[in-house]
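Notes for the structure review
If you want the building blocks of each chain, they are given just below.
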Amino acid sequence: MDVLSDLRVVEISRTSAAAFAGRLCADAGAEVLLVEPPEGHALRHEGPFRGDVADPETSAAHLHVNAGKRSVTIDLESEAVAATALVSGADVFLTDLSRDILDPVGLGWEALHERVPSLLMTRITPFGDTGPYANYAGSNLVSLALGGQLKITGDPGRPPLTNFGAQTEYQAALSAFAGTVANLLLRDASSEGEYLDLSIQDVVATNLEQRGTSFNLGIVANRAGLTVSATYGVYPCRDGWVYLTAFAPALWDRLKAVVQLDRLDDERFATQASRLENNDELQAVLTEWTLNKSSDELREFALQGYPLTVAKDEESLLASEQWKSRGYVSDIDHPAVGEVSVLGSPWLAGDPVAVKPAPTLGDANALLEGLG
Amino acid sequence: MDWKSGRLPLAGLRVVDWSLYWAGPYLGMMLHDLGAEVIKVEAPAHCDPMRTVIDVNRYSGDTGKPLTPKERVNISQHFNEWNRGKLGIGVELADPRGRQVFLDLAAESHIVIENHRPGAKDKLGIAYSDVAAIKPDIIYASLSGYGQTLPERNAMALGSPVELPSGLFLRNGYLNDETPAKTGFSYGDPVGALAALSAVLLAVRHWRKSGEGLYLDIAMRDALSFGIGAAFADWSMNGAKRPRSGNRHPVFAPQGVYRTRGDDQWVAISVRNDRDWRALADAISASEWQGLDAGARRTRHDEIDGVIEAWTSKREARAIEKELQAVGVPAGAVLDFAQLKDDPQLAARGAFAAIEHPVFGNEVRATSQWERGESPQPIDRPAPCFGEHNRDALTGMLGMSQEAVDELEQAGVIADEIRVAAD
């Protein structure tokens, strides 16, 4: 979907938040210029690196999140004029920098809007532009904590657990990208710029499943570990993990059809209410069954439509028929890395487009000539 | 965008929302937040299961008042959360007359969204090809676990289990643990919904420029895997199995979730650089540790965690947050949902607002995530009761006569009650 091919996006980012949003813009066809400090974007230093040897060109985080962008190196402290000139010539300015950095060099919304009335600007920050935490320092972990997603993850009796990856920044990037395209729809009609002030905490606190139950019924969710209930949770199998989903009558009947144990016809398991009442007994019966099955056997059942879902790792996914049929993996020949597998943006799988490699540092510095 | 001046990007567009559970309903709700009119379509024999499900989650908890069966399907906190702002109709899609209502509605709309199991729309004759035959420029978005493609299209994956085959589940877990971990909710749903929203908005721009519709095939699994795409790039370069990293960060050190005063109360702290570390070490009076560089802090992370927790465990989480934030260190109390409701920042942003629901009463719901700050977008209407807008939609949008609607109603093709009982 080359829907943004008429746009130039300038991204000045320090975290995955704006960087993921920039990646989505690139996949939608926009020209994305990533403004990096002379030592390179933070994701270049995050790793993991090829061969586990630190190298700003081979950091996996950079290769994924910055794929399809071009790179210019600008020291914002001494060369802000160039950055401001670049942004002024863009359609979209995407950033996650603080106002302390942006405002003094003329990259704040008010100044930019006055100079370039048609510019779209999206700023993704931990807490947004307004409110008592507007100047709080943030991190992915802190956004999880104050956004409500941390407390509910992990095992009862152990500390709350972070999800792998920069998940709050990813959620915010998806939201920010959608909001930016929405603003673009307005600009297409009006030629007027728009500003999106996106708070990561806002997005994280919005994406909560049981918030309504808590806010309106006073039932406060807490950590439930792997298995929420016998009819909705993770079970160990012989060589891996499987999720059983049977909380509704039709699903329960489907599960019984595949498990084929007379013990499940016990009247203690006759209704969802009684299954919850006798949760531990039911879980024991089902665990006995799952432990006797291999992931492959269970996956066959899943493909037949039974309500179970089997775990997969990176290796099996990259080799999977499903992703091949969806064209979801681009095996890129990267100039500094060699061959590397990069996933497409989530909407590209139905409409595959080859993802372009992440830039080497400063590969588009020629664009800076004459910008001061 | 600016709701106050009526500048919402999807104003004037209508969405047929044939959705269930969380991902599809959330997608429809966000399209409404961006200005679209959204009509939730459910069948009396197959309503959105979130109206009736009783799980440990107890979405439809005890409201303390006796309820008729008809009222009971309209109080689910999950349903009402993710369908607010929509109109709702109850129409039997398996009946040819009901199918025609669906197609007629789609012909009067711009976007169709659905997240049923692949195959369901084909069986009922309301797939993209059926709609495009009468409305060629329709944007039709399907959101599913694995996508519409074989071999996996028929495998089951709701938003919670879909973490398992995404790669995320096996990477999640406590530090160096053998056992993986689930996120504490159905994480595939919101991530899938946001990915699908992006696709729909791009399709709207394409439609406005070219007049062409599009079919969109979004998989929640793909959206989850994309969020940890670095792990796939890493595997392709290195083929190495990585230990689980728990609450630690690849660069920031120390970083952790530390016990504080109170039962099950915690604070999250990240040290991004040497400056943060000096400030933290100073705050916790650990001056002998102050000179450690990032490498040394990573090597001695366990010891440092002990020193930090000795300090945090004697204090309140919110007090720690304030003290550390005052010296520029990222820190935040680990909020439960009750604390979240009272969080001063979310309140100042207008993240939540009250709306009156005709059966449940006063409900607090999340507002549009793109219009928070000084003038948050208000919530315009609660979630529809089952079949609440049958007559309005059929007469108003489709121009049917009252008599024709009566006839469908008497035939049971449209209804305002469901035909399945919760077990």
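Scoring rules and cut-offs
- Residues numbered from 1 in each chain as written.
- Chains lettered and ligands numbered in written order.
- Predicted model: local features only at pLDDT ≥ 70, side-chain atom pairs only at ≥ 80, totals over all residues.
- Helix = DSSP H or I, 4+ residues; strand = E, 2+ residues; numbered from the N terminus.
- Buried ≥ 20, exposed ≤ 12 C-beta atoms within 10 Å, placed from the backbone.
- Contact = placed C-beta atoms within 7 Å.
- Pairing = 2+ DSSP bridges.
- Axes fitted to C-alpha atoms, helices over the stretch in contact; angles between N-to-C directions.
- Domains from an automatic or database assignment.
- Arc of directions from axis to C-beta.
- Nonpolar A, V, L, I, M, F, W, Y, C, P; charged D, E, K, R; others polar.
- Parallel < 35°, antiparallel > 145°, perpendicular 65-115°, else oblique.
- Left-handed = near helix turned anticlockwise from the far one by under 90°.
- Core = buried A, V, L, I, M, F, W, Y, C linked by C-beta atoms within 7 Å.

**What to know about the overall build of chain A**
Assigned secondary structure in chain A consists of 15 helices and 12 strands. In terms of its C-alpha atoms, chain A occupies a principal-axis envelope of roughly 80 × 50 × 40 Å. Expressed as a percentage of the 372 residues in chain A, the buried residues total 59%. Within chain A, counting contacts between residues at least 6 apart in sequence, those at least 24 apart form 66% of the total.

**Side note on the overall build of chain B**
Check the secondary structure of chain B and you find 18 helices and 11 strands. Dimensions of chain B along its principal axes, counting C-alpha atoms only, are 85 × 50 × 45 Å. In chain B, buried positions account for 57% of the 423 residues. In chain B, the share of contacts with a sequence separation of at least 24, taken over all contacts with a separation of at least 6, comes to 69%.

**A few points about the sheet that holds strand β5 (residues 139-144) of chain B**
Residues and elements named next belong to chain B. Ordered in space as β3-β2-β1-β4-β5-β6, the 6 strands form an open sheet in which the pairing is parallel. Lying at the two open borders of the sheet, with one neighbouring strand each, are β3 (87-90) and β6 (214-219). Each strand of the sheet is rotated relative to its neighbour by a mean of 20°, with strand direction disregarded.

**Quick word on the domain arrangement of chain B**
What the domain assignment lists for chain B is domain 1 (3-226 + 349-410) and domain 2 (255-259 + 266-333). Averaged C-alpha coordinates put domain 1 of chain B and domain 2 of chain B at centres separated by 43 Å.

**A short note on helix α10 (residues 249-259) of chain A**
All names here are of chain A. Along α10, the positions that sit buried rather than exposed are L251, W252, L255 and V259. Burial along α10 is one-sided: seen end-on, the buried residues are contained in an arc of 100°. Structural note: α10 exposes D253 and A257 on the side pointing more than 90 degrees away from its buried face. Summarising the contacts, the buried residues of α10 are in contact with β9 (240-245) and α12 (279-291). Two residues or fewer after α10 comes Q260, characterised by a positive phi angle close to 55°.

**Comments concerning the sheet that holds β9 of chain A**
All names here are of chain A. Here 4 strands make up an open sheet; going across it, the order is β7-β8-β9-β10 and the pairing antiparallel. The sheet is open, and its two edges are formed by β7 (227-229) and β10 (308-310), each paired on a single side. This sheet shows a mean twist of 35° between the axes of neighbouring strands, independent of strand direction. As defined by bridge partners, strand β8 (residues 232-237) adjoins β9 across 6 bridges and the pair is classed as antiparallel.

**Some remarks on the pairing of strand β4 (residues 92-95) of chain A**
Residues and elements named next belong to chain A. Burial along β4 is two-sided: V92 and L94 and F93 and T95, pointing in opposite directions, are all buried. Pairing of strand β1 (residues 8-12) with β4 involves 4 bridges; the strand directions are parallel. Paired with E11 across the bridge in β4 is L94. Bridge count between β4 and strand β5 (residues 120-125): 4 bridges; the pairing is parallel. The partner of F93 across the bridge, within β5, is M121.

**Section: the interface of chain A and chain B**
Interface size is commonly expressed as the accessible area that is lost once the parts come together. Taken together, the contacts link 130 residues of chain A with 124 residues of chain B. If one sorts the elements of the side of chain A that touches chain B by residue count, helix α7 (residues 167-190) of chain A sits on top with 15 residues. When its residues are assigned to classes, the side of chain A that touches chain B shows 70 nonpolar, 41 polar and 19 charged.

**Description of helix α6 (residues 140-147) of chain A**
Each turn of an α-helix holds 3.6 residues, which means side chains three or four residues apart point in the same direction. Of all 8 residues that make up α6 of chain A, 8 are buried, and the element is covered over most of its length. Every buried residue of α6 of chain A is accounted for by N140, L141, V142, S143, L144, A145, L146 and G147 of chain A. Taken together, the buried residues of α6 of chain A touch α7 and α8 (200-206) of chain A together with β7 (255-259), β8 (266-270) and β9 (331-333) of chain B. Just downstream of α6 of chain A, G148 of chain A is the residue with a positive phi angle, here 95°.

**As for the packing of α6 of chain A against α7 of chain A**
Residue and element names in this part refer to chain A. Across the interface, α6 lies against α7 with an axial gap of 7 Å and an inter-helix angle of 75°. Here α6 lies roughly perpendicular to α7, going by the angle between them. Counted together, N140, S143, L144 and G147 of α6 and Q167, T168 and E169 of α7 form the full contact between these two elements. A class-by-class count of the residues in the contact of α6 with α7 yields 1 nonpolar, 5 polar and 1 charged.

**With respect to the environment of S368 of chain B**
Residue and element names in this part refer to chain B. Turning to its location among the elements, S368 is positioned in the loop between β11 (361-366) and α17 (390-397). By C-beta crowding, S368 is classed as buried, having 26 other C-beta atoms within 10 Å. Linking S368 and W277, residues 91 residues apart in sequence, is a C-alpha distance of 37 Å. The contacts of S368, once residues within four sequence positions are left out, are D33 and Q377.

**Description of the environment of R84 of chain B**
Residue and element names in this part refer to chain B. Structurally, R84 can be placed in the loop between α3 (77-82) and β3. The exposure class of R84 is buried, given the 25 C-beta atoms found within 10 Å. Spatially, the C-alpha atoms of R84 and A279 are 45 Å apart, while their sequence positions differ by 195 residues. In contact with R84, not counting residues within four places along its chain, are M29, I355, R365, I379, R381, P382 and A383.

**Regarding the packing of helix α1 (residues 16-27) of chain A against α7 of chain A**
Residues and elements named next belong to chain A. Between α1 and α7, whose axes approach to 8 Å, the crossing angle comes to 45°. One finds that α1 runs oblique with respect to α7. Along this stretch, α1 crosses α7, giving a crossing that reads as right-handed. Touching S16, A17, F20, A21, L24 and C25 of α1 are E169, Y170, A172, A173, A176 and F177, all from α7. Within the contact of α1 with α7, the residues separate by chemical class into 10 nonpolar, 1 polar and 1 charged.

**What about the nonpolar core?**
Residues C25 and A173 of chain A together with V200 and A268 of chain B are the most contacted members of the largest nonpolar core, which totals 252 residues. When sequence neighbours within four positions are dropped, the list of residues in contact with C25 of chain A reads L4, V9, A30, V32, V92 and F177 of chain A.

**So, unusual backbone geometry**
A cis geometry characterises the amide bond from L150 of chain B onward to P151 of chain B, with omega recorded as 5°. The residue P151 of chain B is located in the loop between β5 and α7 (168-171) in this model. The linkage connecting A253 of chain B with the following residue, P254 of chain B, adopts the cis geometry, with an omega of -5°. For P254 of chain B, the location among the structural elements is in the loop between α10 (229-238) and β7. Backbone geometry places Q260 of chain A, a non-glycine residue, at a positive phi of 55°. With respect to the secondary-structure elements, Q260 of chain A resides in the loop between α10 and α11 (272-277). Positive phi, normally seen in glycine, also occurs at S285 of chain B, with a value near 55°. Here S285 of chain B is to be found in the loop between α11 (274-283) and α12 (294-299).

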